[in-house]
Amino acid sequence: MMRKPVSDTGRAVVVGGGFAGVLAAAALACRVREVVVVERDVYPQGPGPRRGVPQARHVHLLWSGGARALEELVPGVTDDLLAAGARRVPLPRDMVALSPRGWFRRWPASHLLYLCSRDLLDWTIRRRVLADPRIRVREGTEVLGLAGDARRVTGVRLRAPSGEESLLTADLVVDAGGRGSRAPVWLAALGAGRPRERRVDTGLVYASRVYRAPAGTEDFPVVNVQADPRAGTPGRAAVVAPVEGGRWLVTVGGTRGGEPTADPEHFETFAAGARHGVVGALARNAEPLSPVVLCRSTVNRRRYVERLRGRPRGFVVLGDAVAAYNPVYGHGMSVAAQGALALRRAVRAGRAGAPGTARRAQRGIARPVSVAWDLATGQDVFYPGAADRPPSLWERLLARAVDRLLYVSTGSGLVARVVTDVMTLERPPAVLLRPDVVWALLRGPRLPQLSGPPLTAEEWAAAGVSGASAADSAGAGATRAAPPVPAPGGPAGTPGGTGARGAP
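Residues numbered from 1 in each chain as written. Predicted model: local features only at pLDDT ≥ 70, side-chain atom pairs only at ≥ 80, totals over all residues. Heavy atoms only, no water.

J.: Is there a simple way to think about the sheet that holds strand β22 (residues 323-324) in this case?
T.: Within a sheet, each strand pairs with its neighbour through backbone hydrogen bonds, oriented either parallel or antiparallel. Taken in spatial order, the 3 strands of this open sheet run β13-β20-β22, and their pairing is antiparallel. Taken across any chain shown, the strands that pair with only one partner, and hence form the sheet edges, are β13 (197-200) and β22. In this structure, strand β20 (residues 300-303) lies alongside β22, joined through 2 bridges in antiparallel fashion. Each residue of the ladder has a partner; that of Arg302, found in β22, is Ala323. Most of the contacts of helix α9 (residues 357-380) go to β20, to which it runs at about 145 degrees, and overall it touches β13, β20 and β22. (Pairing = 2+ DSSP bridges. Helix = DSSP H or I, 4+ residues; strand = E, 2+ residues; numbered from the N terminus. Contact = heavy atoms within 4.5 Å. Axes fitted to C-alpha atoms, helices over the stretch in contact; angles between N-to-C directions.)

J.: Is there a simple way to think about the nonpolar core in this case?
T.: One finds Leu28 and Leu172 to be the most contacted residues of the largest nonpolar core, which totals 96 residues. When residues of this core are assigned to their parent elements, the largest contribution, 10 residues, is made by helix α8 (residues 332-348). Sequence-distant contacts of Leu28, that is, excluding residues within four places in its chain, are made with Ala12, Val14, Val35, Leu172, Val174, Leu343 and Val347. Judged by nonpolar contacts, the second largest core, of 30 residues, contains Tyr211, Val225, Ala274 and Leu450. (Core = buried A, V, L, I, M, F, W, Y, C linked by side-chain atoms within 4.5 Å. Buried < 20%, exposed > 50% of the residue type's maximum accessible area, 1.4 Å probe, protein only.)

J.: Looking at this structure, I do not really get unusual backbone geometry. What am I missing?
T.: Generally, phi is negative for residues other than glycine and the peptide bonds are trans, each holding for most cases. A cis amide bond, omega -5 degrees, links Leu91 with the succeeding residue Pro92. You can see Pro92 is positioned in the loop between β4 (87-91) and β5 (95-99).

J.: What am I meant to see in a positive patch on the surface here?
T.: A contiguous patch of positive charge, built from Arg345, Arg359, Arg360, Arg363 and Arg367, is present on the exposed surface. No other element matches α9, which puts 4 residues into the positive patch. By secondary structure assignment, the location of Arg363 is in helix α9. Judged by relative accessible area, which is 43%, Arg363 ranks as partly exposed. (Patch = residues over 30% accessible without salt bridge, like charges linked within 9 Å, V, L, I, M, F, W, Y side chains within 5 Å. Areas by Shrake-Rupley, 256 points an atom, 1.4 Å probe, with all protein chains shown as cover. Salt bridge = Lys/Arg side-chain N within 4 Å of Asp/Glu carboxyl O. Lys, Arg positive; Asp, Glu negative; His and termini not counted. Charge placed at Lys NZ, Arg CZ, Asp CG, Glu CD.)

J.: Please explain helix α2 (residues 64-73) as it appears in this structure.
T.: At 3.6 residues per turn, the α-helix brings residues three or four places apart onto the same side. Counting buried residues along α2, 7 of its 10 residues qualify, which places the element largely inside the surrounding structure. Of the residues making up α2, those classed as buried are Ser64, Gly65, Gly66, Ala67, Ala69, Leu70 and Leu73. As for α2, its buried residues are in contact with α1 (19-28), β3 (62-63), α3 (77-83), β7 (111-115), α4 (118-129) and α8.

J.: In this structure, what is going on with the packing of α1 against α4? I would like to understand it.
T.: Relative placement of two packed helices is described by the angle separating their axes and the distance separating the axes. It is at 10 Å that the axes of α1 and α4 come closest, and there the two elements cross at 20 degrees. Put simply, α1 runs roughly parallel to α4. The handedness of the crossing between α1 and α4 comes out as left-handed. Where α1 abuts α4, its residues Phe19, Val22, Leu23 and Ala26 lie against Arg118, Leu121, Asp122, Ile125, Arg126 and Val129. Looking at the contact of α1 with α4 residue by residue, the classes come out as 7 nonpolar, no polar and 3 charged. (Parallel < 35°, antiparallel > 145°, perpendicular 65-115°, else oblique. Left-handed = near helix turned anticlockwise from the far one by under 90°. Nonpolar A, V, L, I, M, F, W, Y, C, P; charged D, E, K, R; others polar.)

J.: Sorry, what's going on with the pattern of salt bridges here?
T.: Between side chains of opposite charge, pairing is possible as soon as their charged atoms come close. Taken as a whole, this structure holds 27 salt bridges when the rule is applied. One salt bridge connects Asp119 with Arg57, and the closest N-O pair in it is separated by 3.1 Å. Of this pair, Asp119 sits in helix α4 while Arg57 sits in the loop between β2 (34-38) and β3; the two residues are 62 residues apart in sequence, bridging distant segments of the chain. The residue Arg159 makes a salt bridge to Glu142 at a minimum N-O spacing of 3.0 Å. Of this pair, Arg159 sits in strand β10 (residues 153-159) while Glu142 is found in strand β9 (residues 142-148), placing the two residues 17 residues apart along the sequence. One network of salt bridges, with partners in common, ties together Arg93, Asp94, Arg106 and Glu459.

J.: Honestly, the pairing of strand β15 (residues 222-225) in this entry has me stumped. Any pointers?
T.: In summary, the side chains of a regular strand alternate between the two faces of the sheet. Because side chains alternate across β15, one face comprises the buried residues Val222 and Asn224, and the other comprises Val223 and Val225, equally buried. Pairing of β5 with β15, which is carried by 4 bridges, proceeds in the parallel orientation. Among the inter-strand pairings, Leu98 is bridged to a residue of β15, identified as Val225.

Written out as structure tokens, the structure is:
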């Protein structure tokens, strides 16, 4: 039996209480008298796993562009994360990364990355946001669909844990239901049509395992070996991310035809078989603390909700519900945070249910979505079978531009900094068209490419890995490990140095 709705002109409903949903609630609470978050799961009491977040066991990156948006939405939350043990990683100084076009040098710090387990991140944000008395949560509750018609969404239809169905009215409904969002079905049921959708699926499978970090590695850098989408073989990637509790979270991934398994006996061998074997070598010298867990929810999928003609008033789609990305690029959380900030700007400009508010919000959300989408699919579309059509002329031109940027940034501090601006979502891609950047790209890298990972001798030693061991575990690709060669009497990052402090 449906209960008669109660008229309320000051309510917003958020579908989904994950990372994006909680930030949406924080964004709306600045203008709406009551925000109701409808969450299908029941939250853990502390930083524990949640059934609706199967990807939580894998490496998550919060780039500085996303961290700035997060802090603006929830002031003080980054200090909470650091107090709980999260790492604040200066970039690119403390990231050792092999791009498809070579090793990046560890240039002086210009950006940031926050690292911790997804469980800790979600719990820390929830604890601060949900303390707001204007926000309440209905846990264990399922959203059955939207109320209203093709012109206006007026609320949501709910099913409580008891099975009772009800109608919850709202001036604005925000769908932050993640990859499992049913927004296209709900919109079609109202007669509003379905948004156009694009999918790029590399067949990537992730496998992760937690290790106890060796003593003395408290400030160890992130180590990231990326795949090469145009190598003509299945892509294999591997990353070591230091997280809270003196642990390393090690994630490996393989695209269609080269997927990892959950067999712990093969995990480190798989990591060592990436384009460079440094991650496998590091993992072999650390103590495993968990089994290997898999994740297959990795498809790039974008719904062009902002382009849907006749989209009903009072409805916004946010986070993975509007666009989900291959997790290897680490953009999902940062884009969701920037999208929530766009939502806040839209509701501050007018009432939540006013004509034009949802449309302004959706257009604002689409901006960071478009940047992350081009960065991800501009690479992934080249994996065999990833897309339903060959790469377009635009995608081929974009790939050539990205190749040049990555290549030059291995030996140019100026280009590396601007590339990091875009990758961390701090600045739009237009910054790449600055005259000094264009000239640097035409001139090419000023320093020769590094032959191996730019770890210092002290870092290799703390991890218990000799240079020779790292070389022996290198993958079959063109880039192989080399013993760390300090540069006595010269700055690191010059030819023959470790690259720890490259000159611009």
